[in-house]
Amino acid sequence: MSRSVRTSPEGSGRALNEAYDTALLDLDGVVYAGGNAIAHAVESLGTARDGGMRLAYVTNNALRTPGTVAAHLTELGIATDAGDVITSAQAVARLIAEQVPSGARVLVIGGEGLRVALRERGLEPVESAEDDPAAVVQGFGGPELPWGRFAEASYAIARGVPWYASNTDLTIPGARGIAPGNGAAVEVVRIATGAEPQVAGKPLPPMHRETILRTGAQRPLVVGDRLDTDIEGAFNGEVDSLLVLTGVTDGAQLLAAPPQHRPTYVDADLRGLLTGQPEVTGDADDGFRCGGWTATAGAERLELTGDGAELDGLRALCAVAWTAGGEQGCGLDSGKALARLGL
């Protein structure tokens, strides 16, 4: 992937599952939401796997262990081994292990996924600031995480104990909607302490390194629903990406994306892995075209004319918005154009 400013989604004459050797798939908002499989996910992933593509599941959610995640995916109909799952808990455990002595105690604010990952790195999880920890690690603990855990982290950090976070996603999608994520919990401790954690998860390099080390991918494709984690992580790792519109990102956010948040490809859901991607043609003067749509930039808003598949219209709008926005992100009104597409 070029590091130059992306001004359009790319086309692909080959199905993506043939063009790339490994799919690095986010989970929440891509494969499932609230524990239930997203439409078309199970069949699409099965077909991609049967065609020879390796599937690796890369999640910023540090709550569950890889074995638990793999069992859940298998129950949904996606045969998965624990070794196919890479979590931010694993990435942050490696980061901590590189900076503290072997066998050191680590105060855990989060779930079992963190504890298992720390033990794999030869570190000892503890529960109290009074246990003389060499580090504090914070990861998503689920809705039942007691408020007192944040206080325990704050006591240790105030004494100078280094602080690590698995990730800083402010939100997490669920069956009933969007809920606070680990980033919201990290903000609680930041407010109490004034400290800043070292962060391992997407979009930062420790997570990408963990993923490549564990998968050995030669030509990976990052597949995600979030611009600020999945897509930015692919940008930072200099690999291609596919944004699916089954999670938190909507059309307006995509059109306004700055360069590091612009995906290589855009599709509705995981069926996009099994197809080529249409080419966007044209220029800023005459408009950008995809399928039956033409998108142009007016004085104050994006204009869309024509008819056809909604996604083709969105791809054309991306091209004009990203070109007009340059390195800052497009500020033109996109509401009317997106409404024509039902987005």
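Keep in mind the model is a prediction, meaning the values are calculated, not measured.

S.K.: Give me the lowdown on the pairing of strand β1 (residues 22-25), citing residues and values where you can.
M.R.: The alternating pattern of β1 places Thr22 and Leu24 on one face and Ala23 and Leu25 on the opposite face, and all of these are buried. The pairing of β1 with strand β4 (residues 54-59) spans 4 bridges and is parallel. Paired with leucine 25 across the two strands is tyrosine 57, which belongs to β4. Pairing geometry for β1 and strand β13 (residues 220-224), over 4 bridges, is parallel. Directly across from leucine 24, in β13, lies its bridge partner valine 222.

S.K.: Pulling in residues and values, what's your account of the state of the cysteines?
M.R.: If you walk through the whole model with that rule in mind, you get 0 disulfides. Unpaired in this structure, cysteine 318 has its nearest cysteine sulfur neighbour in cysteine 290, at a distance of 9.7 Å. Overall, cysteine 318 belongs to the buried group, its relative accessible area being 0%.

S.K.: So what's going on with the environment of threonine 211? Which residues, and what values?
M.R.: Checked against the element boundaries, threonine 211 lands in helix α8 (residues 205-215). Looking at threonine 211, the relative accessible area reads 3%, which means it is buried. For the pair formed by threonine 211 and valine 58, sequence separation is 153 residues and the distance between their alpha carbons is 7.3 Å.

S.K.: Before we move on, could you go through the pairing of strand β14 (residues 240-244) and cite the residues and values that matter?
M.R.: Counted residue by residue, β14 has 5 buried out of 5 residues, so it is predominantly covered. On β14, burial covers both faces: Asp240, Leu242 and Val244 on one face and Ser241 and Leu243 on the other are all buried. Where β13 lies against β14, 4 bridges are found, and the strand directions are parallel. Bridged to valine 223 within β14 is leucine 242. In this region the chain leaves β13, passes through helix α9 (residues 227-237) and returns to the parallel neighbour β14; the handedness of that crossover is right-handed.

S.K.: Give me α8: which residues, what numbers.
M.R.: Residues Pro206, Met207, Glu210, Thr211 and Thr215 constitute the buried set of α8. Buried residues of α8 fall within an arc of 145° about the axis and therefore sit on the same side. Away from the buried face of α8 by more than 90 degrees, exposed residues Pro205 and Leu213 are located. Those residues of α8 that are buried are in contact with β1, β4, β5 (85-87), α4 (88-97) and β12 (198-199). Phi turns positive one or two residues past the end of α8, at glycine 216, with a value near 65°.

Cut-offs applied
- Residues numbered from 1 in each chain as written.
- Predicted model: local features only at pLDDT ≥ 70, side-chain atom pairs only at ≥ 80, totals over all residues.
- Heavy atoms only, no water.
- Buried < 20%, exposed > 50% of the residue type's maximum accessible area, 1.4 Å probe, protein only.
- Helix = DSSP H or I, 4+ residues; strand = E, 2+ residues; numbered from the N terminus.
- Pairing = 2+ DSSP bridges.
- Disulfide = S-S within 2.5 Å.
- Right-handed = clockwise from strand over helix to strand, strands pointing away.
- Arc of directions from axis to C-beta.
- Contact = heavy atoms within 4.5 Å.

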